[in-house]
Amino acid sequence: ASAGTEVTFVSCQDERHPSQNIIDGNDKTFWVTTGLFPQQIILQFPHEVEITKIKTATTNVRGIIFEGCVEKQPTEFTKMYDVEVA
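Because the structure is predicted, anything quoted here is derived from the model rather than measured.

Caption draft 1: Representation of the overall build of the protein chain in the model. Within the protein chain, the secondary structure is distributed over zero helices and four strands. Across the protein chain, helices and strands are ordered from the amino to the carboxyl terminus as β-β-β-β. Against the compact-globule benchmark of 12 Å for 86 residues, the protein chain has a radius of gyration of 13 Å, which places it among compact chains. Projected onto its principal axes, the C-alpha coordinates of the protein chain cover approximately 30 × 25 × 25 Å.

Caption draft 2: Seen up close, the side chain of Thr5. Its place among the elements puts Thr5 in the segment before β1 (6–10). Exposure remark for Thr5: the relative accessible area of 11% places this residue in the buried category. Among residues more than four places away in sequence, those in contact with Thr5 are Ile23, Leu43, Gln44, Phe45 and Pro46.

Caption draft 3: Molecular detail of the environment of Ile51. Structurally, Ile51 can be placed in the loop between β2 (41–44) and β3 (63–68). The spatial distance from the C-alpha of Ile51 to the C-alpha of Arg62 is 23 Å, given a sequence separation of eleven residues.

Caption draft 4: Quick peek at the environment of Asp27. Counting through the fold element by element, Asp27 comes out in the loop between β1 and β2. Exposure remark for Asp27: the relative accessible area of 64% places this residue in the exposed category. Separated by 30 residues in the primary sequence, Asp27 and Ala57 place their C-alpha atoms 9.4 Å from one another. Among the polar contacts made by the side chain of Asp27, one reaches the side chain of Lys55 at a distance of 3.2 Å.

Caption draft 5: Spatial organisation of the packing of aromatic side chains. Following the criterion strictly, the structure yields one aromatic pair and no others. A centroid spacing of 5.9 Å and a plane angle of 40° characterise the contact between Phe66 and Tyr81, whose relative ring orientation is tilted. With Phe66 in strand β3 and Tyr81 in strand β4 (residues 78–84), the pair connects residues that are 15 residues apart, well separated along the chain. Exposure remark for Phe66: the relative accessible area of 24% places this residue in the partly exposed category.

Criteria and thresholds
- Residues numbered from 1 in each chain as written.
- Predicted model: local features only at pLDDT ≥ 70, side-chain atom pairs only at ≥ 80, totals over all residues.
- Heavy atoms only, no water.
- Helix = DSSP H or I, 4+ residues; strand = E, 2+ residues; numbered from the N terminus.
- Rg over C-alpha atoms; globule rule 2.2 N^0.38 Å.
- Buried < 20%, exposed > 50% of the residue type's maximum accessible area, 1.4 Å probe, protein only.
- Contact = heavy atoms within 4.5 Å.
- Polar contact = N/O pair within 3.5 Å; in protein donor to acceptor, adjacent residues only side chain to side chain.
- Phe/Tyr/Trp six-rings, centres within 6.5 Å; stacked < 30°, edge-to-face > 60°.

Keep in mind these values describe shape, not function.
What follows is the structure, encoded as structure tokens:
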């Protein structure tokens with residue numbers, strides 16, 4: 001399911017539910033954080049991609065921001081999507 005995509009950074013994780021679960025395509029696996037805020041994930045794609053859909057399943061989330069970066073080293077990000085969750 002990841003098609004060459006890598007999780008290159010997460011701000012925290014639980015060993016029992018590692019960050020690779022984010023991109024494995026299996027609805028029965030998941031990533032769990034240790035509760036620190038904010039949680040951050042950086043995904044690296046093997047080439048430039050167009051993202052048309054993102055699926056998340058969350059608990060106790062107040063907001064989600066998606067940012068993109070076209071640089072080889074992820075240093076400058078552009079906000080692509082920002083939503084507050086009620």
